[in-house]
Amino acid sequence: MNPALPLHLDAEPYPFEFRPTTCALLIVDMQRDFLEPGGFGETLGNDVAQLRRTIAPNQKLLAAWRALGLQVMHTREGHRPDLMDLPPAKRHRGRGARLIGDLGPMGRILIRGEPGHSIIPELAPLPAEPVIDKPGKGAFYATDLHAILQNRGIRQLIVTGVTTEVCVHTTVREANDRGYDCLVPSDCVGSYFPEFQTAALKMISAQGGIFGWVTSSDKILSALAGP
Ligand code: C5J
């Protein structure tokens, strides 16, 4: 496989054509507080198994992407320890017993530098892989992601991570408005709510791919492996 040549893979709503060298794997918010038992997500009453099923397929895709020397980027949702970048509306919405910035089971919730804020060890970034710290749901809002992608000549994104209908969806929508083609492998994205997972994926590929394409990680791996 020559990664500079275009590849085609089976996707919804129609085959996705991509050039691996100008396509980045963007892994969204695979953070301990969202995925690990005992983390913030679970303390809110969520079933983390719904998210943890995405770990193994993400590991396989990440290994294949790295083996070809292709671009990998990671994001983390979180805020400054002094909370100055946290809109009061975001802190108070949900009215949970614990708010962003409060002490949770893995340190202060969604605060940069705290144990729960870090990416799960199974998908730990390599030193050369940019980690985008984002204060919002979308990875483009108030970050340098767009500049980094432009400087590296990236035109297409494979977006994985959690949660499908929140940070993955917002990121795909933001990317779409900035002119990137987005491909979402359904087994590499997860929601605490199965019905949201199904609806969110349908919304991406509906209306002729209004936000992008949906496929599975196996199809990406087969395309990379070549005929
Ligand atoms: C949420 C995220 N669900 N990463 N964050 O609050 O999707």
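Data block above holds the structure.
Residues numbered from 1 in each chain as written. Predicted model: local features only at pLDDT ≥ 70, side-chain atom pairs only at ≥ 80, totals over all residues. Heavy atoms only, no water.

### Describing the pairing of strand 4 (residues 72–77)
Strand 4 sits mainly inside the fold: five of its six residues count as buried. Pairing between strand 3 (residues 23–28) and strand 4: four bridges, direction parallel. Bridging across to strand 4, Ile-27 finds its partner in His-74. Bridge count for strand 4 against strand 7 (residues 131–134) is four bridges, and the pairing is parallel. What sits directly across from His-74, in strand 7, is Val-131. (Buried < 20%, exposed > 50% of the residue type's maximum accessible area, 1.4 Å probe, protein only. Helix = DSSP H or I, 4+ residues; strand = E, 2+ residues; numbered from the N terminus. Pairing = 2+ DSSP bridges.)

### Considerations on the layout of surface pockets
Quantified by volume, the largest pocket comes out at close to 620 Å³. Around the largest pocket, the lining comprises 24 residues; the ones closest to its centre are Phe-34, Phe-40, Leu-44, Arg-93 and Lys-137. Those elements that provide at least two residues to the lining of the largest pocket are helix 2 (40–43), helix 5 (88–92) and helix 7 (164–177). Looking at the lining of the largest pocket, the element that brings in the most residues is helix 7, giving three residues. Within the lining of the largest pocket, the residues separate by chemical class into eleven nonpolar, five polar and eight charged. (1 Å grid on protein atoms, 1.4 Å probe; cavity = no way out; pocket = protein on both sides within 12 Å on 5 of 7 lines; lining within 4 Å. Points joined across faces, edges and corners; volume = space filled by probe spheres on them. Nonpolar A, V, L, I, M, F, W, Y, C, P; charged D, E, K, R; others polar.)

### Some details on unusual backbone geometry
Looking along the chain, the bond that leaves Glu-12 and enters Pro-13 is cis, with omega of 10°. With respect to the helices and strands, the residue Pro-13 is situated in the loop between strand 1 (7–9) and strand 2 (16–18). With omega at -10°, the peptide bond leading from Val-162 into Thr-163 counts as cis. One non-glycine residue with positive phi stands out, namely Asp-29, at about 55°. Within the element layout of this structure, Asp-29 appears in the loop between strand 3 and helix 1 (32–35).

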